[in-house]
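Here's the letter readout for the chains.
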Amino acid sequence: MRVLKFGGSSVGSVSSIKAVIEIVENAQKKHGRIAIVLSAMSGVTNQLLAAGDLAAKSDAGYKELTKNIESKHFEVIHQLIDPKNQQKVESAIKVLIGELEEILHGVFLLKELSKRTHDLIASFGERLSNYMVSECFKERQPDAAYLDARELVKTDDNFGNARVNFKVTDELIRKYFDSHKSLQVITGFIGSTDKNETTTLGRGGSDYSAAIFGAALDCEEIEIWTDVDGMLTADPRSVKKAFTLPNVSYIEAMELSHFGAKVIYPPTMQPAFAKRIPISIKNTFNPAFAGTLITDKSTPGFIIKGISSINDVVLFNIQGSGMMGETGFSGRLFTTLAKNKINIILITQASSEFSITFAINPIDAEKAQISLEEEFENELKSNKLEPIKIEKEVSVVAIVGENMHQTPGIAAKMFTALGSNGINVIAIAQGSSEYNVSVVINCVDMSKALNALHEAFFLSDTKTLNVFVTGLGLIGATLITQIANQQNYLAKHKALKINIVGITNTKKMLVKADGIDLANWQKELGQEGTAANLDQYIQQIRTLNLPNSVFVDNTSSKDVIKYYEILLKSSISVVTPNKLANSGSYEQYERLHKTAKQHGVQFLYETNVGAGLPIIGTLKDLLNSGDQIIRIEAVLSGTLSYIFNSYKKGINFFEIVKEAKEKGFTEPDPRDDLSGMDVARKILILARDSGFALEPDDVSVENILPNNCIAAKTVDEFFIELKTSNDYFETRRNEAEKEGKVLRFIATLENGKAKVSLNAVDDQHPFYSMNGSDNIISFTTERYKERPLVVKGPGAGAEVTAAGVFADIIKVGSMIGR
C-alpha cells in the first residue's frame, strides 16, 4: 500500500485536480491499494485565516472571503462533477460554508478569536477540498470515500501545533482501514482531541498527516506530490543552477528542512523514519520526473547534499565573566526560552564559556529579550553579564550531507568560498555528528553566499565570472566579441564561464542578472537599455551582489576610476586598461592595492603599460621570485615608436608626424603624444610596481618640441610651426647618425628615479632595430644583467588591448577560491 499526499497547488484548479486523478489512477494500476491525503485548495487557508482576523475586528469583510471560497469550489464542481450529481455536492459544500459563516459570525459578535476557534476555522480548507475531490473520484470510482481525519488522528489540545497521540491514532487508523478497502480521500493538517475538539498539526501539517497514516499502515512508500521536481541542491529562486537530488537520507532531509528547505518539514519524516518507510518527493505538474527519494541511507556522490537557508533571523549574543564556570547558566537560559515557547534555530557557544549565541525567529525577538532580561536581572545589574547584544537582518546558511562526516577540508572550502566573495561570517555552528555546518551572515549577502557555495560544492569543475563592462567603444566592443568567440573553449579547457551581466557606454546602460546575449548585445542595449547613469550603474552592480563579480573599465575617464575603491570594498574585482587610477597620487595607488588585498579580490591592469604585452606580469613575476631590478628601459608609445622608427635621412620630421596623424596613430592633437606625458604615466606605474613610492612630479620628462610648436593655438598652426622647426629635429638626428646611432623616445627607471627622454642608441642596444609602432621593454636585473630580458611587440590597437583585458579577466577566474 502507498499513501499519496497532494499539496494546495496540486488541488488548486480544475486542471491540477484532473492531473491528481490521473496520477492516483496510474498509481492504483501500478501499486494496488492507495490512500490519498489532500491539502486545502491553494490560497484558501490564507483566506480562512484572514476571514477570522477580520471577524475578530468586527469587520464584515469576512463575508466576501467566504463567498470567494465557496465560488472557488463551485467552479471545480461545475466542470468535474456530472450535472446530475452537482446539486448534491453543492449542497454539501453550502452546509460547510454555512457552518463556517456561523462560527465567523460568533467571532464577529464577541470580537475574540481563540486558538481553538482559529483551528476550527482553518480546518474548513481541508474539509471542503477533500470532500469535493472525493466526489470527483466517485464519478470514476463509486466506492471512493471521504475520510475526515479528525475521526482517527487524536491529539492533545495544543491548538495550532497539536501533538499526536500515536498509540491511540495508530490503532484507530489500522482498525478503520481493515474494514475500508476502497480509495480513501483523507483531510490533511487536522486532528481532534479526546473531546472531539478540532486541532491543527502546525507547519507542514498535511505532509505530517500523510506520514502518520503511512506509518500506521506500514506502507511501502509515502509519496509527497508538490509543485517542484523534488528536493533541490539549493533554493532555485536564488540559485538558478540548482538541480534535483535523486536521493537523500532521512537525516539529510531533516537537516535541510530545519534550515529552510520548504519541500518537506522535519515532523513529516519522523513517523516514516521510525518505520524506515521511504518518502518520495514528486511534481504533480511533471509526473514523469523521478523526483527525490528519501531513505535511511545516504548515497555516494557529492560530499554535501544541499545548501539550505533561513533568510531572516535575529541573533542574540549573551556574554560576560559571570558565565564562566557558572553551573546551570545554560539551563536557565534555555528553560526561560522554552517557557515562552521560543524556538531556537541555531546555537553556538565559545569554549571559554564566556558567551552563548543563538538565533531565533524575528517574531519572537522582543519576547525573548524581555524574558531574558527578567531572568538575568541581577547578573545584568551587577555587570556579571554585558547588555544582551541583538543583531537583526541576518540569515542562516547551512551545508548539509552525511558524506561530510570525517571528510577533511569541508569547512575550509566553505569559508574560502564565502571569504573570497567578501561575505562576513558572524557566527558558526557545527554539531559533532558533522552532518551540517551552519553560518550566520548578513541578509544582503544571502543570494551571493548561496551561489558561491553552490558553485564551490556542486559546480567546482566550472567557475562562473559575472562581468560588468564599462566602455563599449573599439576596445569594449572587441572584448565582447573575443569573449563570445572563446566561450566554448574556456568552458571545455578552462572550466570557466564568463557571464556578461552589465554593459554601459555614455548613452545607455543595461544590467541583466541572468546575463546578456553576446550575439545580440548591441540590439539588447538599444531596446532594453536605460539612460546611462554611472552612479546608478555602480549601485545596481552592488545591489545585485553576485558572486565572482568583475568590473571592467575600458574607458580613459577620470570619472570612472572614482568608483574603483567602493567596488573593491564590495568584493568586486577590477580589470582595466585605464591608467589614470595607477598614475595619479601615490596615496590613491597604494589605497586601491591595499583595498583589493584586504577584500580578497583582484585589481588587474596589465594593459596600462603595453596593451596586450606581458609587461606588468613579467615585472611582478621577477620580483615575486626574488630578482632585483637594476634598470628598466622602455619604448612605451606606439605613436612615438612609429615616428622615430620612420625618421631617417631625407625625410622631414613634419612629414612623419603628419603621416602618423593621417593613419590614426596619434591623438587628434599630436602634441598630446609628443609631450611624453602618456609615457611618463606608464613608467610611473612600473616604478610603483617595482616598489618605489614616486609621485607624478617625480618623473622627469624631456620636452622634445620647440616652444613655437607648443604655443601654436590650433593643430593646423602646430603643423605650420613644426615644418618651420625641421632643422631642430634634423640636428638631433644628424648628431646621432654621426655616432652610428638612432633616436628613440625612451622611458627609464634606474636607482629609484624615472625619466622620459629622447635618446640616441647604438647597434648594441636592444632598441636599435625597431620597426613600425612596436613597443619594447628591457629589464636589466640581477639575473638578467649581461643580457637583459626583452619584451617586444604591438603596444597599441583594439585587438591586442582587448586581448590583454580578456587575459586579466581569465586570471581573475583562475584566482577564485585560492
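Shown above is the structure to which this text applies.
In this text the structure is predicted, and so the values were computed from the model without any measurement. (Residues numbered from 1 in each chain as written. Predicted model: local features only at pLDDT ≥ 70, side-chain atom pairs only at ≥ 80, totals over all residues. Heavy atoms only, no water.)

**Q** What should I look at first to understand helix α13 (residues 410–419) in this one?
**A** Since the α-helix advances by 3.6 residues per turn, residues separated by three or four positions end up pointing in the same direction. Along α13, the residues classified as buried are I410, M414, A417 and L418. Projected down its long axis, α13 carries its buried residues within an arc of 95 degrees, all on one side. Here the buried face of α13 lies against β14 (389–400), β16 (436–442) and α14 (446–458). (Buried < 20%, exposed > 50% of the residue type's maximum accessible area, 1.4 Å probe, protein only. Helix = DSSP H or I, 4+ residues; strand = E, 2+ residues; numbered from the N terminus. Arc of directions from axis to C-beta. Contact = heavy atoms within 4.5 Å.)

**Q** Looking at this model, I keep getting lost on the packing of helix α1 (residues 14–31) against helix α5 (residues 115–138). Mind explaining?
**A** When two helices pack together, their arrangement is given by the angle between their axes and by how far apart the axes lie. Two numbers describe how α1 lies on α5: the axes approach to 11 Å, and their chain directions differ by 55 degrees. Judged on the interaxial angle alone, α5 and α1 are oblique. Helix-helix and strand crossings are classified by hand; for α1 and α5 the assignment is right-handed. Within the contact between the two elements, α1 uses I17, V20, I21 and V24 and α5 uses M132, V133, C136 and F137. Here the contact of α1 with α5 is composed, by residue class, of 8 nonpolar, no polar and no charged. (Axes fitted to C-alpha atoms, helices over the stretch in contact; angles between N-to-C directions. Parallel < 35°, antiparallel > 145°, perpendicular 65-115°, else oblique. Left-handed = near helix turned anticlockwise from the far one by under 90°. Nonpolar A, V, L, I, M, F, W, Y, C, P; charged D, E, K, R; others polar.)

**Q** I'm lost on the packing of aromatic side chains in this one. Help?
**A** How two aromatic rings sit relative to each other is set out by the distance from centre to centre and by the angle between their planes. Within this structure, the stated rule accounts for 21 aromatic pairs. Where F177 meets F213, the ring centres are 6.2 Å apart and the plane angle is 65 degrees; that geometry is what we call edge-to-face. Of this pair, F177 sits in helix α6 (residues 166–179) while F213 sits in helix α7 (residues 205–216), and the two are 36 residues apart along the sequence. F177 gets classed as buried once you look at its relative accessible area, which sits at 2%. Looking at F213, the relative accessible area reads 0%, which means it is buried. One aromatic cluster in this structure is built from F644, Y647, F653, Y728 and F729. Against the face of F719 rests K658, its NZ or CZ located 4.7 Å from the ring centre. Taking NZ or CZ as reference, R733 lies 6.0 Å from the ring centre of Y647, over its face. (Phe/Tyr/Trp six-rings, centres within 6.5 Å; stacked < 30°, edge-to-face > 60°. Lys NZ or Arg CZ within 6 Å of the ring centre and 35° of its normal.)

**Q** What is the right way to read the pattern of salt bridges from this model?
**A** Side-chain pairs of opposite charge can arise where the charged atoms are in close proximity. Tallied over the entire structure, the rule returns 40 salt bridges. In this structure, R332 engages E375 in a salt bridge whose closest nitrogen and oxygen atoms are separated by 3.0 Å. Here the residue R332 occupies a position in helix α10 (residues 329–339), and E375 occupies one in helix α11 (residues 365–375), the gap between them amounting to 43 residues. By relative accessible area, which is 31% here, E375 ends up partly exposed. Two residues, K389 and E391, come together in a salt bridge whose shortest N-O distance is 3.9 Å. Under the relative-accessibility criterion, K389 is labelled partly exposed at 47%. Residues joined in a network through salt bridges with shared partners are R2, E220, E221 and E223. (Salt bridge = Lys/Arg side-chain N within 4 Å of Asp/Glu carboxyl O.)

**Q** Help me out: how do you make sense of the sheet that holds β16 in this one?
**A** Sheet strands line up and pair through hydrogen bonds in the backbone, either parallel or antiparallel. Strand order in the open sheet formed by 6 strands is β12-β13-β11-β14-β16-β15, and the pairing between neighbours is antiparallel. Unpaired on one side and paired on the other, β12 (344–349) and β15 (427–430) mark the two borders of the sheet. Across the sheet, the mean angle separating the axes of adjacent strands is 30 degrees when strand polarity is ignored. Sheet topology places strand β11 (residues 306–319) next to strand β13 (residues 355–360); 6 bridges connect them, and they run antiparallel. Note on β13: the bridge partner recorded for Q319 is S355. Packing of α13 onto the sheet brings it into contact with β14, β15 and β16, and relative to β16 it is tilted by some 20 degrees. Of the strands in this sheet, β11, β14 and β16 are in contact with α14, which crosses β11 at around 125 degrees. (Pairing = 2+ DSSP bridges.)

What is shown is where atoms sit, not what they do.
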